Amino acid sequence: MKKLRVGVFGGARGTSMINCCKILENADIVAICDKSEGVLARQMRENEGLDISYYRSFEEFIQHDFDAVVLANYANEHAPFAIKALKAGKHVYSEVLPVQNLKEAVELIEAVEESGLVYAFGENCCYMAAPHEMRKLYREGKIGEFEYGECEYVHNCEPIWPEITYGERDHWRNNMFSTFYCTHSLGPIIHMTGLRPVSVVGIEGTKNERNLRSGSRSGQFGIELVTLENGGIVKSIHGGLYKNSTWYSVYGSKGRMESAREDTRSGGNDRIYVNADSYSGEYGEEKIDDYFPKVGSDEKSRDFGHGGSDFYAFSNFVQKVFGDPSADTIDVYEALDMYLPGLLAYRSILSGNVPVKIPNLRNKSERGEYRNDTACTDPKAAGDQLWPTISTGTPDIGDEVYDVIRKKWLSRSKG
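Note that the coordinates shown come from a computational prediction; the quantities given were computed from them, not determined experimentally. (Residues numbered from 1 in each chain as written. Predicted model: local features only at pLDDT ≥ 70, side-chain atom pairs only at ≥ 80, totals over all residues. Heavy atoms only, no water.)

(A) Here's a closer look at the nonpolar core. Ranked by size, the top nonpolar core spans 111 residues in total, and within it Phe61, Leu108, Tyr119, Phe314, Phe317, Tyr339 and Leu361 carry the most contacts. When residues of this core are assigned to their parent elements, the largest contribution, 11 residues, is made by helix H13 (residues 332–350). In contact with Tyr119, not counting residues within four places along its chain, are Ala82, Val92, Ser94, Pro98, Leu108, Val112, Ile330, Asp331, Val332 and Ala335. (Core = buried A, V, L, I, M, F, W, Y, C linked by side-chain atoms within 4.5 Å. Buried < 20%, exposed > 50% of the residue type's maximum accessible area, 1.4 Å probe, protein only. Helix = DSSP H or I, 4+ residues; strand = E, 2+ residues; numbered from the N terminus. Contact = heavy atoms within 4.5 Å.)

(B) Summary view of the sheet that holds strand E7 (residues 146–154). The mixed open sheet is built from 9 strands, whose spatial order is E14-E13-E12-E11-E7-E10-E9-E8-E15. Unpaired on one side and paired on the other, strand E14 (287–291) and strand E15 (356–357) mark the two borders of the sheet. Inspection of the sheet shows E7 paired to strand E10 (residues 233–239) by 7 bridges, in the parallel sense. Paired with Glu152 across the strands is Ile237, a residue of E10. (Pairing = 2+ DSSP bridges.)

(C) Summary view of the packing of aromatic side chains. Under the counting rule described, the total for this entry stands at 20 aromatic pairs. Centroid distance Tyr93 to Phe317: 5.4 Å. Interplanar angle 50°. Geometry classified as tilted. Placement of Tyr93 in strand E5 (residues 91–94) and of Phe317 in helix H12 (residues 309–321) is noted, with a sequence separation of 224 residues between them. Phe317 shares its class with Tyr93; the two are buried. With a centroid separation of 6.0 Å and 45° between ring planes, the pair formed by Phe314 and Phe317 is classed as tilted. You can see Phe314 and its partner Phe317 sitting in helix H12, 3 residues apart, about one turn around the helix. Grouping residues by exposure puts Phe314 and Phe317 together as buried. (Phe/Tyr/Trp six-rings, centres within 6.5 Å; stacked < 30°, edge-to-face > 60°.)

Function cannot be inferred from these measures alone, as they are strictly geometric.
So, in structure tokens, the structure goes:
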């Protein structure tokens, strides 16, 4: 059997995809690249006996003889490396997020189009059991036409901030804006309905004491109120509220379906509730179903992160590269449908919460307006269009905060 030769850029988050390659019959991990000597040393220990080459330089890594690259590097730096990989003739599996500004969005789309290669966005929440089942049922017409949805990905990262930022003042997590990391909440709604977002209003939680003591300069959480092309509305919330929540709810013209709430202790995103009927002028007979949907090879996926969804997102990518038209992947256009609402919600916030149009970059005629739009909160990418990290102005956080975070990270990593 022919195997896809895979290189992984980012050996920490990339561990999940590395482990996928070990159990898939049609993929091999052949190269790993990371800037950290410690991460590479750990990967060498964990993969002893396997024929894998290790790199600290991306430029050397991308010249290695492999077919596809996994981008598991910093979330604000995927687009430039995706474009380099595509130009080098590699298929691309890009972990979240796809881009950080509209200029990168235009450039990424055009690189994918010019290459003719497979680009897949690894938004793993789409492949969790409940939202995956909701997509199947929606496409079958179970609840009729989409009218309204709510989605949440709330994650209080303060307890793990040292492990994910290392005390780096300019780590992307410390510089991101409140609506930046939106695809874990909004992505599954976009993926299940197949509807394109056309406008957004953003709202920011400006209270941010927990963020400030961790070194993060953003608002505590963000909300996107998104209008879809059929007139339906989605409310998406994500960020660092105190208690975690991952939840999806969709209303249609014939009913409603949603995942279980984590606090109910009834399965969370492994359980689904469906309340639908055959309404046709008068209410039909109400029937409520609740069950645990099964997704693919559960035995294989059981040990993978995010409810096994890491396994499905990546294995579907491998199938797509091998030409399977039924492989459920997220292409570059859909990836931007998931991300651009968050980017432009922040533009809405900075403009006084006004509605902002979301461009359809599938249309070449719409791209010119955004080709030089570099606005974001990353100084290296924004140039003279740099946004503040919070609408009240980028806070000044003393070095002592980052020193404390770094000491915690070093202490924990040694332990």
